[in-house]
Amino acid sequence: VQLQASGGGLVQAGGSLRLSCAASRRTGTMGWFRQAPGKEREFVAAVSGSGDSTDYADSVQGRFTISRDNAKNTVYLQMNSLKPEDTAVYYCAAYSSGSLYSLRSVRYWGQGTLVTVSS
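Here's what I pulled together on the structure shown here. (Residues numbered from 1 in each chain as written. Predicted model: local features only at pLDDT ≥ 70, side-chain atom pairs only at ≥ 80, totals over all residues. Heavy atoms only, no water.)

### Comments concerning the layout of surface pockets
- What the largest pocket holds in volume is close to 180 Å³.
- In terms of residue class, the lining of the largest pocket is built from 4 nonpolar, 3 polar and 8 charged. (1 Å grid on protein atoms, 1.4 Å probe; cavity = no way out; pocket = protein on both sides within 12 Å on 5 of 7 lines; lining within 4 Å. Points joined across faces, edges and corners; volume = space filled by probe spheres on them. Nonpolar A, V, L, I, M, F, W, Y, C, P; charged D, E, K, R; others polar.)

So, in structure tokens, the structure goes:
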């Protein structure tokens, strides 16, 4: 599976961005991770294959929304009320199995898209 992420950019604190991740074919559980400079890659959000179930990191709960359009093989991450600490490269991920929060559960990675939030 090939994953193509897009939608990153520069935004002021309090603003919004929507990230997209287009897959080359139908996928199961999908997610977003992020990696800030000098930090480890961390889980952000995940959505089940049907789109009925979602999970979020505590740091983004209530501000970010993950969704998917299976007709387009695309997953979205709507990010609202952005904070400077959300600045990172965001990676979309297609899971194989295991914990949603573990990098080792990811089978395929997208190339990453940079989100910069200015204060």
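The discussion continues.
### Looking at the pairing of strand β1 (residues 3-6)
- Covered by surrounding structure in β1 are Leu3 and Ala5 only, the residues Gln4 and Ser6 on the alternate face being uncovered.
- In this structure, β1 lies alongside strand β3 (residues 17-23), joined through 4 bridges in antiparallel fashion. Within the sheet, the bridge partner assigned to Leu3 lies in β3 and is Ala23. (Buried < 20%, exposed > 50% of the residue type's maximum accessible area, 1.4 Å probe, protein only. Helix = DSSP H or I, 4+ residues; strand = E, 2+ residues; numbered from the N terminus. Pairing = 2+ DSSP bridges.)

### So, the nonpolar core
- In terms of nonpolar packing, the biggest core is built from 34 residues, with Trp32, Val44, Phe64, Ile66, Leu77, Met79 and Tyr90 touching the most fellow members.
- For this core, the elements supplying multiple residues, two or more each, are β1, β3, β4 (30-35), β5 (42-47), β7 (64-69), β8 (74-79), β9 (88-95) and β11 (113-118).
- Counting residues per element, this core draws most heavily on β9, which supplies 6 residues.
- Setting aside anything within four residues of it in sequence, one finds Met79 in contact with Gly15, Ser16, Leu17, Leu19, Arg63, Phe64, Tyr90 and Val115. (Core = buried A, V, L, I, M, F, W, Y, C linked by side-chain atoms within 4.5 Å. Contact = heavy atoms within 4.5 Å.)

### Side note on the sheet that holds β8
- Taken in spatial order, the 4 strands line up as β1-β3-β8-β7 in an open sheet, and their pairing is antiparallel. Each of the sheet's edge strands pairs with one partner strand only, and the pair in question is β1 and β7. Each neighbouring strand pair of the sheet contributes to a mean axis angle of 15 degrees, computed without reference to strand direction.
- Across 6 bridges, the pairing between β7 and β8 is antiparallel. Bridge pairing in β8 links Ser67 to Tyr76. (Axes fitted to C-alpha atoms, helices over the stretch in contact; angles between N-to-C directions.)

### Quick word on the packing of aromatic side chains
- Summed over the entire model, instances satisfying the criterion amount to 5 aromatic pairs.
- Ring plane angle 45 degrees and centroid distance 6.2 Å describe the contact between Phe33 and Tyr95, whose orientation is recorded as tilted. Highlighted residues: Phe33 in strand β4 and Tyr95 in strand β9, separated in sequence by 62 residues. No difference in accessibility class separates Phe33 from Tyr95, as the two residues are buried.
- Relative to Trp109, the ring of Phe33 lies with its centre 5.2 Å away and its plane at 70 degrees, an arrangement referred to as edge-to-face. Taken together, the positions of Phe33 in strand β4 and Trp109 in strand β10 (residues 106-109) put the pair 76 residues apart, joining distant regions of the chain.
- Judged by its relative accessible area of 0%, Phe33 falls in the buried class.
- A relative accessible area of 30% places Trp109 in the partly exposed class. (Phe/Tyr/Trp six-rings, centres within 6.5 Å; stacked < 30°, edge-to-face > 60°.)

Fair warning: the whole summary comes from geometry, so function is off the table for now.
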